[in-house]
Amino acid sequence: MLSDRELARYNRQMMISGWGNDGQEKLKKAKVVVAGAGGLGSAILFYLAAAGVGHIRVVDSDKVETTNLNRQVLYTDQDIGRRKALTAAERLEFLNYDIRVESIVDVIGEDNGSDLVSDWAIVDAMDNLATRFLLNRVA
């Protein structure tokens, strides 16, 4: 059941025809893994958290670099050298206290791909084809 705070927060999207409380409850129960927290992933993560997706898993092995800051909206100068997955999780939980964010600092590969994404909706925000094909296969 949505709290009064959640009802107020998500009011605008709940007014969409056919969405309402039921749609928001489904979103609250959703589990989404975002593979990659770079340019595409950071924007996707921001909006998933803002919309109220209840459980988000961020998988990325990279660190924030100065060259990321012009397009990776979750990060600031103070994040340079920090792990993207960890930093993204902190920002998202700060953005929306009602969600749960799990960070995984790892490379998605044959040995762990299936474990990282099983039973989750998958958002592919990767920047390499090999991992994209792997995610498609394990989905």
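It should be noted that the structure appears before, not after, this text.
None of the values given here were measured: they were computed from a predicted structure.

Participant: Mind showing me how you'd approach the overall build of the chain here?
Facilitator: The helix and strand tally for the chain stands at seven helices and four strands. The order of α-helices and β-strands along the chain, N terminus first, is α-α-α-β-α-β-α-β-α-β-α. Taken over the C-alpha trace, the chain has a radius of gyration of 15 Å; the compact-globule value for 139 residues is 14 Å, and the two agree within 12%. Excluding contacts between residues fewer than 6 apart, the proportion of contacts in the chain whose partners are at least 24 apart in sequence is 58%. Surface summary for the chain: the accessible area is close to 7900 Å², and the carbon and sulfur share equals 53%. Computed over 17 positive and 20 negative side-chain charges, the separation of the two mean positions in the chain equals 3 Å.

Participant: Would you mind going over the sheet that holds strand β4 (residues 121-124) with me for this structure?
Facilitator: Working definition: the strands of a sheet are paired by backbone hydrogen bonds and lie parallel or antiparallel to each other. Taking strand neighbours across the sheet as the criterion, the four strands line up as β3-β2-β1-β4 in an open arrangement whose pairing is parallel. Across the chains shown, the open sheet's two edge strands, defined by having one partner strand only, are β3 (100-104) and β4. Taken over all neighbouring pairs, the strand axes of this sheet differ in orientation by 20 degrees on average, direction set aside. Of the strand pairs in this sheet, strand β1 (residues 31-35) and strand β2 (residues 55-59) are connected by five bridges, and their pairing is parallel. Bridge assignment links K31 to a residue of β2, and that residue is H55. Sitting on the sheet, helix α4 (residues 39-51) is in contact with β1, β2 and β4, with an inclination near 165 degrees to β1.

Participant: So what exactly am I meant to see when it comes to helix α7 (residues 129-138) here?
Facilitator: An α-helix turns once every 3.6 residues. As a result, residues three or four positions apart point the same way. Here α7 has its buried residues at T131, L134 and L135. Down the axis of α7, the buried set is contained in an arc of 100 degrees. They therefore lie on one face. Exposed residues on α7 whose side chains face more than 90 degrees from its buried face are L129, F133, N136 and R137.

Participant: For this particular structure, what's the right way to read the nonpolar core?
Facilitator: If you look at soluble globular proteins, the nonpolar side chains tend to sit buried side by side. Counting residues in each nonpolar core, the largest one holds 20 residues, and the members touching the most others are L45, I56, V58 and L92. No other element matches helix α5 (residues 84-95), which puts four residues into this core. Beyond its immediate sequence surroundings of up to four residues, L45 is in contact with V34, A37, I56, V58, L74, A88 and L92. Core analysis: the second largest hydrophobic core is formed by eleven residues, I104, L116, V117 and W120 among them.

Participant: What should I look at first to understand unusual backbone geometry in this one?
Facilitator: Excluding glycine, a negative phi dihedral is what most residues carry, and trans is how most peptide bonds are arranged. A positive phi angle is found at D119, which is not glycine, with a value near 70 degrees. The residue D119 is located in the loop between α6 (113-117) and β4 in this model. The class of D119 is exposed, set by a relative accessible area of 71%.

Thresholds applied
Residues numbered from 1 in each chain as written. Predicted model: local features only at pLDDT ≥ 70, side-chain atom pairs only at ≥ 80, totals over all residues. Heavy atoms only, no water. Helix = DSSP H or I, 4+ residues; strand = E, 2+ residues; numbered from the N terminus. Rg over C-alpha atoms; globule rule 2.2 N^0.38 Å. Contact = heavy atoms within 4.5 Å. Areas by Shrake-Rupley, 256 points an atom, 1.4 Å probe, with all protein chains shown as cover. Lys, Arg positive; Asp, Glu negative; His and termini not counted. Charge placed at Lys NZ, Arg CZ, Asp CG, Glu CD. Pairing = 2+ DSSP bridges. Axes fitted to C-alpha atoms, helices over the stretch in contact; angles between N-to-C directions. Buried < 20%, exposed > 50% of the residue type's maximum accessible area, 1.4 Å probe, protein only. Arc of directions from axis to C-beta. Core = buried A, V, L, I, M, F, W, Y, C linked by side-chain atoms within 4.5 Å.

Read these as spatial facts, not as claims about activity.
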